[in-house]
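Coordinate analysis (summary)
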Amino acid sequence: MKRLSTTQLKPGMVTAEDVYTYTNQLLIPKGTVLGDKAITKLEFYSIINLKVEDEFDKDYLSKPAFYEDKSYAERVKASPEFLEFKKRFDEEVPKFQNMLDNLAVNKLQLSLDNLLDFTLNLISSPNGYISVFDMLHNMRQYDDLTYVHSINVALMCNVFARWLKMSEDESKLATLCGLLHDIGKVAVPEDIIKKPGKLTESEYTIVKKHTFEGYNALKKHNAPEHILNSALMHHERCDGTGYPFGIKDNKIDTYAKMVAIVDVYDAMTSARVYRGPMCPFKVIDIFESEGIQKYDTRFIMTFLENIVNTYMLNRVKLNDGRIGDVVFVNRSSLARPTIKCNNEFIDLSAEPGLYIEAII
Ligand SMILES: [Fe+2]
Ligand SMILES: [Fe+2]
């Protein structure tokens, strides 16, 4: 192991320690094989020096193209972290389905500790280089609207709570609120849940009842208040346009407000037969144009800013075919950062005809 200045780094070297930014965000974890992109990232965040292993990564030296030629999605899918995550996820989903079904009909006693262990065990390294969001984006093969969605929302609530700098206990509670928010859907007939077209008025009335059903099922288990309220209020909106009550901002439970954001994000990025996972910048654009006043201002800003920051310095393709790197986030227009293409800076917030089509 040796300490080198960032200017001495070469592709193929392996980090021997976790590297943090000056604001204490994990930038690159220990054991990462450095490529050009990772080295640029270290320079960008003004990291002066770091410890690297004495040995180069042999795979990298023999086939360096492996790391640089693949698309972003391919790189995520090829990572050991993702493969491990996917394996556990596939194993655990049927067990969770069983648990949720039995909880809903009161055949199983509610154990919050067990549920939490189950959820957090899915993430092998919660501070990993590949974000939970990226991993979930690349796992969209399930045609399932309740069980997988609940796990996704739980994992994303866990990360979201950390972005909001909530305490350890609060983060755990947020995770459980996400996991159990749709438990009332177990009572909704499957043909309505899976109906591909638009719901009729009466079908929609039945769907909306899942909020009460969930609340009642959890109440029987004496679940904590925030968990009850998340099931009841996650479809409420701060501007009063939600259901079941149409209540506004300060009447809505804090945790239900968090779940509401993650719930919509997961629904928008979930699998559709006609497309793969939606580009996160497109999702952010929809949030911004559909009205972020529907959500708690601090929560929605923190959520969207952190998603955009994940893609800082990533290579993107614009709708006119040009390729460049995300170099500056515009806080007033998060879906439209500034892109560096060759030596030109394109401020997408000032170019209404241009947008990011894909992360590559
Ligand atoms: Fe719901
Ligand atoms: Fe949901």
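In short, a report on the structure. Here the structure is a predicted model, which is why all the values come from computation and not from measurement.

**Focus: the coordination of the iron ion (ligand 1)**
- Each protein donor to the iron ion (ligand 1) is listed here as Asp182 (OD), His210 (NE2), His234 (NE2) and His235 (NE2); together their distances run 2.1 to 2.3 Å.
- Given four donor atoms and angles of 84 to 172° at the metal, the environment of the iron ion (ligand 1) is assigned as irregular.
- One chain supplies every donor for the iron ion (ligand 1), spaced along it as D-x27-H-x23-H-H.
- A spacing of 3.6 Å is found between the iron ion (ligand 1) and the iron ion (ligand 2), which share Asp182 as a donor. Taken as a pair, Asp182 in the loop between α9 (168-180) and α10 (190-193) and His234 in the loop between α13 (225-233) and α14 (254-269) lie far apart in primary sequence, 52 residues in all. Like His234, Asp182 is buried.

**Quick notes on the packing of α9 against α13**
- For the pair α9 and α13, interaxial distance at closest approach is 9 Å and the crossing angle is 35°. At the point where α9 passes α13, the crossing takes the right-handed sense. Residues Leu173, Leu176, Cys177 and Leu180 of α9 form the contact with α13, whose participating residues are His226, Ile227, Ser230 and Ala231.
- Its residues assigned to classes, the contact of α9 with α13 comprises six nonpolar, two polar and no charged.

**Quick look at the coordination of the iron ion (ligand 2)**
- Bound to the iron ion (ligand 2) on the protein side are His149 (NE2), His181 (NE2), Asp182 (OD) and Asp263 (OD), at distances that span 2.2 to 2.3 Å.
- Its four donor atoms give the iron ion (ligand 2) angles of 76 to 170° at the centre, a pattern that matches the irregular case.
- We classify His181 as buried; its relative accessible area is 0%.

**Description of the packing of aromatic side chains**
- Scanning all chains against the criterion turns up ten aromatic pairs.
- Centroid distance Phe85 to Phe89: 5.6 Å. Interplanar angle 50°. Geometry classified as tilted. Of this pair, Phe85 and Phe89 both sit in helix α5 (residues 80-104), four residues apart, which is roughly one turn of the helix. Of the two residues, Phe85 and Phe89, neither departs from the other in class, the shared state being buried.
- Ring geometry for Tyr204 versus Tyr243: centroids 6.1 Å apart, planes at 80°, classification edge-to-face. Of this pair, Tyr204 sits in helix α11 (residues 201-208) while Tyr243 sits in the loop between α13 and α14, and the two are 39 residues apart along the sequence.
- A relative accessible area of 36% places Tyr204 in the partly exposed class.
- Ring pairs connect the aromatic residues Phe160, Trp163, Tyr265, Phe299 and Phe303, which therefore count as one cluster.

About the thresholds
Residues numbered from 1 in each chain as written. Chains lettered and ligands numbered in written order. Predicted model: local features only at pLDDT ≥ 70, side-chain atom pairs only at ≥ 80, totals over all residues. Heavy atoms only, no water. Donors = N, O, S within 2.8 Å, 3.2 Å for Na, K, Ca; no water. Tetrahedral: all angles 85-135°; square planar, octahedral: opposite > 155°, others 65-115°. Helix = DSSP H or I, 4+ residues; strand = E, 2+ residues; numbered from the N terminus. Buried < 20%, exposed > 50% of the residue type's maximum accessible area, 1.4 Å probe, protein only. Axes fitted to C-alpha atoms, helices over the stretch in contact; angles between N-to-C directions. Left-handed = near helix turned anticlockwise from the far one by under 90°. Contact = heavy atoms within 4.5 Å. Nonpolar A, V, L, I, M, F, W, Y, C, P; charged D, E, K, R; others polar. Phe/Tyr/Trp six-rings, centres within 6.5 Å; stacked < 30°, edge-to-face > 60°.

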